[in-house]
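Observations on the three-dimensional arrangement
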Amino acid sequence: MSKKIVELLGKDADFYLAHECKTISKSMLNQPGSDFVDRVWKDSDRNIQTIRSLSTLFNHGRLGGTGYMSILPVDQGIEHSAGASFAPNPEYFDPENIIKLAINGDCNAVATTFGVLGSVARKYADKIPFIVKLNHNELLTYPNSFQQIMFGTVREAWNMGAVAVGATIYFGSDDAHRQIIEVAQAFEEAHSLGMATILWCYLRNPAFKKDGVDYHTSADLTSQAIHIGATIHADIVKQKLPDCNGGFTALNFGKTSPLVYDKLTTAHPIDLTRYQVANAYMGRVGLINSGGASSGNEHDDLRAAVITAVCNKRAGGIGLISGRKAFQKPMKDGVELLHTVQDVYLDKEITLA
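First, a word on scope: everything that follows refers to the structure included in this document. Given the structure is predicted, the values throughout are model-derived calculations rather than measurements.

**Remarks on helix H14 (residues 298-315)**
For H14, spanning 18 residues, the distance from its first C-alpha to its last is 26 Å, which sits close to the expected 26 Å at 1.5 Å a residue. Where H14 begins, the side chain of Asn297 points an oxygen toward the backbone nitrogen of His299, at a separation of 3.1 Å. Two residues or fewer after H14 comes Gly316, characterised by a positive phi angle close to 115°.

And the structure:
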């Protein structure tokens, strides 16, 4: 096993690397692997060109052919403001450097805005798979609201040579109904044009915070968001790593079962993530977890990224999407972080729990 990974995990190495999942058996999962597209998607309604696009994503970069993905996402210039996102490293105000980071980091793909990809599409669309993020929550409206709006069309993404489109739905928000309908329609068009689809299955509602606990990252709520995402034909779902549970019961809404908490989950983060994988049609729809914000400390960022990658891989997920931890630092350090994450997925001794 990689000495670097063990050292980064430190005293918690056994907690993450030796854990045995006794909730949902790994034998029940559609497990990642080099034949994942053929084995999982061959019997679906996805057309031949969409299958080819999925294969392109899975077969590019350092993780190509493993069944795992490492994606660089950079849409925070819209959602968090360009200043908040790029001030720590101003070279990323130039879109070309975002693409260079993804290429130098040997990623499977780069996911970013119409503007970033469109500005350099002719130079790079054949060098690394493009994932165009269709919608964003621009945070210049005051007061802020949780409304994802389309910044372009699926046809526009197809014209610039994108292999896939991505979108976000803020489940639980007042605007969620419109977003679900809009994204479902966009995904249908993307599939008809032969592109893969990735859904950021996020939660947004002030009521999801109660008694000092933020249930936006609760295993039960995030998993239901994933399940809806799979329902509207996302090929891959992105979700935050769960760090708590019991959102339905604490908030006293919706419907659930005591078995979710008594049998199908425990407090261990790998077991909580396994429940997310289960809700992604037992892994038929690939789960990628997000890397989260940068702490500003290189060691802490590497450690946090490795923990997330280990939890995702051992739970049955297919990869990590690492943005701010990678681009809010010098490019060589961002490349190191991306490669360290990839090392987790390449390490054959880190197995399904």
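**Observations concerning the sheet that holds strand S10 (residues 236-239)**
One closed barrel holds the eight strands; their spatial order is S1-S2-S3-S6-S7-S10-S11-S12, and the pairing between them is parallel. Strand-to-strand twist in this sheet, taken as the mean axis angle between neighbours without regard to direction, amounts to 25°. Inspection of the sheet shows strand S6 (residues 164-171) paired to strand S7 (residues 196-203) by eight bridges, in the parallel sense. What sits directly across from Gly166, in S7, is Ile198. Packing against the sheet, helix H4 (residues 48-58) makes contact with strand S1 (69-74), strand S2 (109-112), strand S3 (130-133), S6 and S7, and its axis sits at approximately 70° to S7. Across the sheet, H14 is in contact with strand S11 (286-290) and strand S12 (319-321); its angle to S11 comes to roughly 165°.

**Topic: helix H13 (residues 269-279)**
Burial runs high along H13: 11 of the 11 residues are buried. Taken together, the buried positions of H13 are occupied by Pro269, Ile270, Asp271, Leu272, Thr273, Arg274, Tyr275, Gln276, Val277, Ala278 and Asn279. Contacts made by the buried residues of H13 are with helix H2 (13-17), helix H10 (219-231), S10, helix H12 (258-262), S11 and H14.

**Looking at the environment of Pro73**
Looking at the secondary structure, you find Pro73 in strand S1. Residue classification places Pro73 among the buried residues on the basis of a relative accessible area of 4%. For Pro73 and Lys332, which are 259 residues apart along the polypeptide, the C-alpha to C-alpha distance reads 17 Å. In this structure, Pro73 is in contact with Ala111, Ile321, Ser322, Gly323 and Phe327, ignoring residues within four places of it in sequence.

**Let's talk about the environment of Asn297**
Within the element layout of this structure, Asn297 appears in the loop between S11 and H14. C-alpha separation for the pair Asn297 and Lys329, spaced 32 residues apart in sequence, amounts to 9.5 Å. In this structure the side chain of Asn297 is engaged in a polar contact, spanning 3.1 Å, whose partner is the backbone nitrogen of His299.

**What about the nonpolar core?**
Where a protein is soluble and globular, its nonpolar side chains tend to be buried together. Counting residues in hydrophobic clusters, the biggest one holds 109 residues, and the most contacted among them are Leu72, Leu101, Val110, Phe130 and Leu199. Among all residues touching Leu72, those that are not within four sequence positions of it are Ile98, Leu101, Ala102, Cys107, Ala109, Val110, Ala111, Ser322, Gly323 and Ala326.

About the thresholds
Residues numbered from 1 in each chain as written. Predicted model: local features only at pLDDT ≥ 70, side-chain atom pairs only at ≥ 80, totals over all residues. Heavy atoms only, no water. Helix = DSSP H or I, 4+ residues; strand = E, 2+ residues; numbered from the N terminus. Expected span 1.5 Å × (residues − 1). Polar contact = N/O pair within 3.5 Å; in protein donor to acceptor, adjacent residues only side chain to side chain. Pairing = 2+ DSSP bridges. Axes fitted to C-alpha atoms, helices over the stretch in contact; angles between N-to-C directions. Contact = heavy atoms within 4.5 Å. Buried < 20%, exposed > 50% of the residue type's maximum accessible area, 1.4 Å probe, protein only. Core = buried A, V, L, I, M, F, W, Y, C linked by side-chain atoms within 4.5 Å.

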